[in-house]
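Tertiary structure, described
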Amino acid sequence: MSDMNDWCFACGPRNPIGLKLTFWEENDVYLTDFTAGPEHQGYNGIMHGGLISTLLDEIMARYLYAQGLTAVTAKLEVRFRQPTPIREKLTISGWITSKRGKMVELAGKITLQDGTVTAEGKAMVAIKGDE
């Protein structure tokens, strides 16, 4: 990871206000955990929708980055199924659904510990360069 990526808002370890996400892969699914605090809320007790979108974008586009590809999100779609609470551990997962040339379609979701899905995402991600 380069010094510039160390400052990524979602995953950069050097960003003092970042989310500092760490990732792992299981059975072709990319995963991270996150617990939102009061600084991440929109309405009282509920995580801000922009940060929910950030989590989904990161889990999907970064999955390709973790595979050694340079990729950028071309389109992001988020479906908010129910409010995402703060102070509860969330599992964010992402996976590839299809590939067409340099475009990769991915899906993602945010799940509470009881299995409830609070948000779902779809992304079209463009692979940059000759990769």
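Everything that follows concerns the structure shown earlier in this document.
My aim in this report is to walk through the structure given alongside it, one point at a time.

**Remarks on the pattern of salt bridges**
If you walk through the whole model with that rule in mind, you get 3 salt bridges. The partner of Asp-33 in a salt bridge is Lys-89, and the shortest N-O contact between them spans 3.5 Å. Here Lys-89 lies in strand S4 (residues 89-100) and Asp-33 lies in strand S2 (residues 29-35), a separation of 56 residues in the sequence. Assessed through its relative accessible area of 28%, Asp-33 is described here as partly exposed. Owing to a relative accessible area of 41%, Lys-89 belongs among the partly exposed residues under this scheme. A salt bridge links Glu-120 to Arg-81; the nearest nitrogen and oxygen atoms lie 3.2 Å apart. Here the residue Glu-120 occupies a position in strand S6 (residues 117-127), and Arg-81 occupies one in the loop between strand S3 (71-80) and S4, the gap between them amounting to 39 residues. Since its relative accessible area comes to 42%, Arg-81 is described here as partly exposed.

**Looking at the sheet that holds S6**
What the 6 strands build is an open sheet, ordered S1-S2-S4-S5-S6-S3; its pairing is antiparallel. A strand with exactly one partner marks an edge of an open sheet, and here the two such strands are strand S1 (24-26) and S3. In this sheet, adjacent strand axes meet at a mean angle of 25 degrees when their direction is disregarded.

**Notes on the side chain of Ser-53**
Mapped onto the elements, Ser-53 comes out in helix H1 (residues 49-66). Excluding its chain neighbours within four sequence positions, the residues that come into contact with Ser-53 are Leu-76, Val-78 and Phe-80.

**A word on the packing of aromatic side chains**
Think of a pair of aromatic rings as described by two things: how far the centres are apart, and how the planes are tilted against each other in angle. On inspection of all chains with the given rule, the structure shows 2 aromatic pairs. Here the aromatic rings of Phe-23 and Tyr-30 are separated by 5.1 Å at their centres, their planes lie at 0 degrees, and the arrangement is stacked. Geometrically, the ring pair formed by Tyr-30 and Tyr-63 is stacked, given 5.0 Å between the ring centres and 15 degrees between the ring planes. Separated by 33 residues along the polypeptide, Tyr-30 in strand S2 and Tyr-63 in helix H1 bring together distant segments of the chain. Taken together, the aromatic side chains of Phe-23, Tyr-30 and Tyr-63 make up a single cluster linked through ring pairs.

Quick notes on the rules
Residues numbered from 1 in each chain as written. Predicted model: local features only at pLDDT ≥ 70, side-chain atom pairs only at ≥ 80, totals over all residues. Heavy atoms only, no water. Salt bridge = Lys/Arg side-chain N within 4 Å of Asp/Glu carboxyl O. Helix = DSSP H or I, 4+ residues; strand = E, 2+ residues; numbered from the N terminus. Buried < 20%, exposed > 50% of the residue type's maximum accessible area, 1.4 Å probe, protein only. Pairing = 2+ DSSP bridges. Axes fitted to C-alpha atoms, helices over the stretch in contact; angles between N-to-C directions. Contact = heavy atoms within 4.5 Å. Phe/Tyr/Trp six-rings, centres within 6.5 Å; stacked < 30°, edge-to-face > 60°.

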